[in-house]
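A closer look at the structure
Residues per chain, in single letters:
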Amino acid sequence: MLTPLGRLDKYASSENIFNRQMVARSLLDTLREVCDDERDCIAVLERISRLADDSEPTVRAELMEQVPHIALFCQENRPSIPYAFSKYLLPIVVRYLADQNNQVRKTSQAALLALLEQELIERFDVETKVCPVLIELTAPDSNDDVKTEAVAIMCKMAPMVGKDITERLILPRFCEMCCDCRMFHVRKVCAANFGDICSVVGQQATEEMLLSRFFQLCSDNVWGVRKACAECFMAVSCATCQEIRRTKLSALFINLISDPSRWVRQAAFQSLGPFISTFANPSSSGQYFKEENKSSDDASVEEKNSMSNHEAPEDIQISPEDIPPAPADPPVSNSSVPLGDGTEDCAETSRKAPREMAVPTDGSLLCPLSLESHQEAVPSETGKKPVNCKHTLPPEAGPSAQDSAVFDQELYNSFHFWRTPLPEIDLDIELEQDSGSQSNQEKPEAAGGLASLGSPNVTVATRKELEEMIENLEPHIDDPDVKAQVDVLSAALRASSMEEAGDAAPSRAVQDDAGTDEPPESRANPGAPVPFISSAVENTDSSLHYIHNDSDLSTSGSFSPDEERRSKVQDVVPQALLDQYLSMTDPSRAQTVDTEIAKHCAYSLPGVALTLGRQNWHCLRETYETLASDMQWKVRRTLAFSIHELAIILGDQLTAADLVPIFNGFLKDLDEVRIGVLKHLHDFLKLLHIDKRREYLYQLQEFLVTDNSRNWRFRAELAEQLILLLELYGPRDVYDYLRPIALSLCADKVSSVRWVSYKLVSEMVKKLHMAAPPTFGVDLINELVENFGRCPKWSGRQAFVFVCQTVIEDDCLPMDQFAMHLMPHLLTLANDRVPNVRVLLAKTLRQTLLEKEFFLTSASCHQEAVEQAIMALQMDRDSDVKYFASIHPTSTKISEDAMSTASSTY
């Protein structure tokens, strides 16, 4: 007989803990009972404040679990109880963040995040009540557990409160916590959430305040902190500009890949592909990445340019007199000219005229040479059009440019850039070396010009950097990976010393296509794999990038197979990153890093391919083939699910040359792999030429055979794909190859497969009927009547009714044609001996056929025949048949019809 408030007071003051817990659970119900009276609502909220002081932790935890629900109720009833949440509930949530009991703290943290996510806390309250408490809890003298949890809450709430509050109130304390020397747990939490903070505060704050802290965390002495940094590396890279991404973050990431801890290396390799994808250049991949200054028109134009396989225009070639004056500091930014076209044109130019120069459009390829050096080494060709390019060349490399020697070295390395043009015919390695020496003798002017480019500043700078890198790697010499890197760098150091001592070294460097980082052993044996470069190489900040002018393989045929295997070089991402990515297929990586490393490589390969562009597909081809033949079916399955996306990236020519053989192999693989191909069968086949596409008509029948006959989802997916494939093939192919498969699926043992197959057959009838002449459509209808309408099994006759219902619903045939070819056979089933067939027929006639205007307005013999069939069904001896023939059911969906009838399965 107590009032809601009286009952609340009675049990809230009880000494029994369970009674007080019950009060906390029933607070929301009590508020709903008294919501009409404002004073009673305020009284309940005041009692909540008193209950929050309960000494029992379980009561406080139970109360905190109810706070989000009570807050939502207060928000909905805001006119009657204004400021209720801010005054009564929020102080409790904030106070419990520092509670001594761990369960209470965890519950309050979850409640706070739920309230922020639902936007139930006012912005003013966040600034004045929530953030000050969190900042106080993260003070140096705060409890260790409380401090760690408070930092985690600050990081999680940053995306919810926005950039302004995060920059003013959260970011300064977050930077302090990143340098907490006493608690590695705090640093680990900061590292794990670093990417979220960067994405909230934006590029400027990230580069000015956060990047230095991130470098410190990546070199932390606790491996868990470094592992957290590796996991969020992509998010941090997204918040920086391209220059920092290339010159600083790349070197930092290489250090993580070479980390002494296996767990750090494992996390780094998992993030390697996503990190490489952040280098995507809109001009080469069609993908835009935080390029707010790009217009949509530019995006569409560049995407079209990047996805074309045509040769680059001639106006990319630059003569010295057309070079505009350069600014003091050349910018390194994304060019508006497609990178793929520029790179392709460079190789094309080198093949057409060795004495012409094509200046690449990427900012990383700017070359610090004087105008006189260009004129001496590469004479211009008259009559060429001037280039429309946003990049300019750096200033002359004279005595006044010694201060910027390191910067110039970062942008250009003559040892890798300049080389003699590749021969037009395929040669063996020994013959190719001989032809290289002969070509130098035949072209003394060009060789002299190229040799003169070996600047002492470049050699000295490279040698000093190599010495520093070797010195930095010596403490980790026990690691096999690091030892291999030291060997490579030592060989490079010896090569640079020999280059300085010998007069003929520059010409040898021009002929060497492998690069300075290739050891002598690799040159002697071209078939041996080139050792990958780890943290040491990237510390040079792009000075050791391999830069070649390889054209799009879809338009170039001047590379021998050996040359292609050795040419794993590009200029889109730092070469050291790509080398590490390509090494993920090395069997030793599975033993020293992660057994699933090949799967991670396969998962991120489409993103890496999109970043590099189709003109650099030669860098990934061998890796892709290795993954496609991997022993683990999970790796092949990952590739099978993404092969259609890769085909879009590469275009039709490269797809036909490189992906079709792998696709054919997947068709004969395990069902776990085949399902990946099958789910995107239409997406892949539509990219192929019509002749190549028709070759797969013979193999579609093989999808009906599976390793496990109970795998009915495989056959259902096949039916779905065949519906899409109808648009890719002509009437003759559809009738000869797809029709037998469709009719087989209509008789499948599983009803879900049959329902999709009915849709497939109806669409097939529509396509064949619209063809000229419609003889294939008539033949298909006759086969349906013969195989299903007159089937001795009742399930076949029922399937015929289902097909007719789908044909009517989807307007696959004109009604006059339906009345001529299908309806007479359909109406004969009114006398079928199986009630389930008659039930479905009654539903089809009543709710589908009679809905068509043709049968409503026409007084033809067809309408009379339908009415006679319905009258016969209304007088049927089966009650269900009578019911569906007499009324007008509301459902018109074929699946619902089948599920509502006992005849849907057998």
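If you're wondering where the values come from, they're calculated on a predicted model, not measured in any experiment.

As for the overall build of the protein
Helices and strands together make up the secondary structure of the protein, namely 51 helices and 0 strands. Of all 906 residues assigned to the protein, the portion counted as buried reaches 55%. Across the protein, the fraction of contacts at a sequence separation of at least 24, relative to all contacts at a separation of at least 6, is 74%. Accessible surface for the protein amounts to roughly 40,500 Å². Of this, 52% is attributable to carbon and sulfur atoms.

Structural notes on the environment of Thr166
For Thr166, the location among the structural elements is in helix H10 (residues 163-178). Assessed through its relative accessible area of 0%, Thr166 is described here as buried. Sequence-wise, Thr166 and Ile197 are 31 residues apart; in three dimensions their C-alpha atoms are separated by 8.2 Å. Each residue touching Thr166, except ones within four places of it in the same chain, is listed here: Ala158, Val161, Leu171, Val200 and Val201.

Brief notes about the packing of aromatic side chains
A full pass over the atoms with the stated rule returns 15 aromatic pairs. Aromatic side chains Phe703 and Phe714 sit 6.1 Å apart centroid to centroid with 35° between the ring planes, which places their arrangement in the tilted category. Here Phe703 is found in the loop between helix H39 (690-694) and helix H40 (712-725), whereas its partner Phe714 is found in helix H40, with 11 residues between them in sequence. Assigned by exposure class, Phe703 and Phe714 land together as buried. Between Tyr735 and Phe776, the ring centres sit 5.4 Å apart and the planes meet at 35°, which makes this aromatic pair tilted. Here the residue Tyr735 occupies a position in helix H41 (residues 731-746), and Phe776 occupies one in helix H43 (residues 775-789), the gap between them amounting to 41 residues. The two residues Tyr735 and Phe776 agree in class, both being buried. One aromatic cluster in this structure is built from Phe174, Phe194, Phe214, Phe233, Phe253, Phe275 and Phe279. The lysine or arginine in question, Arg739, covers the ring of Tyr735, its NZ or CZ lying 4.2 Å from the ring centre.

Structural notes on the UniProt feature "repeat: HEAT" (unreviewed entry) in the protein
UniProt tags residues 89-127 and 130-169 as "repeat: HEAT" (unreviewed entry). Helix makes up 74% of residues 89-127 and strand 0%, with an end-to-end C-alpha separation of 16 Å. As annotated, residues 130-169 has a helix share of 82% and a strand share of 0%, and its two end C-alpha atoms lie 11 Å apart.

A word on helix H16 (residues 242-257)
The principal kink in H16, of about 40°, is found at Leu249. Counting buried positions along H16 gives 13 out of 16 residues, so the element sits mostly inside the fold.

Description of the environment of Arg877
Within the secondary structure layout, Arg877 lies in the loop between helix H49 (861-874) and helix H50 (879-886). Sequence spacing of Arg877 and Pro835 is 42 residues, and the spatial spacing of their C-alpha atoms is 9.2 Å.

Quick word on the nonpolar core
Counting residues in hydrophobic clusters, the biggest one holds 167 residues, and the most contacted among them are Phe194, Tyr581, Leu685 and Phe818. Per element, the largest residue contribution to this core is 14 residues, and it comes from helix H36 (residues 633-667). Beyond its immediate sequence surroundings of up to four residues, Leu685 is in contact with Phe663, Arg693, Tyr696, Leu725, Leu728 and Tyr729. The next biggest cluster of nonpolar side chains, apart from the first, holds 56 residues, and it includes Val59, Phe85, Leu89 and Leu137.

So, a negative patch on the surface
A cluster of acidic residues, Glu467, Glu468, Glu471 and Glu474, forms a negative patch at the surface. Mapped onto the elements, Glu471 comes out in helix H26 (residues 456-473). Looking at Glu471, the relative accessible area reads 55%, which means it is exposed.

Quick notes on unusual backbone geometry
The backbone of Glu119 sits at a positive phi, close to 60°, despite the residue not being glycine. Mapped onto the elements of the fold, Glu119 is located in the loop between helix H7 (102-117) and helix H8 (123-137). By relative accessible area, Glu119 is classed as exposed at 68%. Of note, Asp811 is a non-glycine position whose phi angle comes to about 55°, a positive value.

What about the state of the cysteines?
Scanning all chains against the criterion turns up 0 disulfides. In this structure Cys179 is not part of a disulfide, and its nearest cysteine sulfur, from Cys178, lies 6.3 Å away. Using a relative accessible area of 31% as the deciding quantity, one classes Cys179 as partly exposed.

Quick word on helix H35 (residues 621-628)
Residues Arg621, Thr623, Tyr624, Leu627 and Ala628 constitute the buried set of H35. Buried residues of H35, viewed axially, fall in a sector of 165°; they line one side.

Notes on the pattern of salt bridges
The tally for this structure, following the rule as stated, stands at 33 salt bridges. In this structure, the salt-bridge partner of Arg7 is Glu33, at a minimum N-O distance of 3.5 Å. Note that Arg7 is positioned in helix H1 (residues 4-12) and Glu33 in helix H3 (residues 27-33), a separation of 26 residues in sequence. Residue Asp669 pairs with Arg636 through a salt bridge whose shortest N-O separation is 2.7 Å. Of the two residues, Asp669 is situated in the loop between H36 and helix H37 (671-679) and Arg636 in helix H36; the sequence distance between them amounts to 33 residues. Arg636 matches Asp669 in its accessibility class, with the two residues each being buried. Here the residues in one salt-bridge network are Arg123, Glu127, Asp164 and Arg168, joined through shared partners.

About the criteria used
Residues numbered from 1 in each chain as written. Predicted model: local features only at pLDDT ≥ 70, side-chain atom pairs only at ≥ 80, totals over all residues. Heavy atoms only, no water. Helix = DSSP H or I, 4+ residues; strand = E, 2+ residues; numbered from the N terminus. Buried < 20%, exposed > 50% of the residue type's maximum accessible area, 1.4 Å probe, protein only. Contact = heavy atoms within 4.5 Å. Areas by Shrake-Rupley, 256 points an atom, 1.4 Å probe, with all protein chains shown as cover. Phe/Tyr/Trp six-rings, centres within 6.5 Å; stacked < 30°, edge-to-face > 60°. Lys NZ or Arg CZ within 6 Å of the ring centre and 35° of its normal. UniProt positions renumbered as here; feature names shortened; annotations may be inferred. Bend = angle between axes of the 7 residues up to and from the residue. Core = buried A, V, L, I, M, F, W, Y, C linked by side-chain atoms within 4.5 Å. Patch = residues over 30% accessible without salt bridge, like charges linked within 9 Å, V, L, I, M, F, W, Y side chains within 5 Å. Salt bridge = Lys/Arg side-chain N within 4 Å of Asp/Glu carboxyl O. Lys, Arg positive; Asp, Glu negative; His and termini not counted. Charge placed at Lys NZ, Arg CZ, Asp CG, Glu CD. Disulfide = S-S within 2.5 Å. Arc of directions from axis to C-beta.

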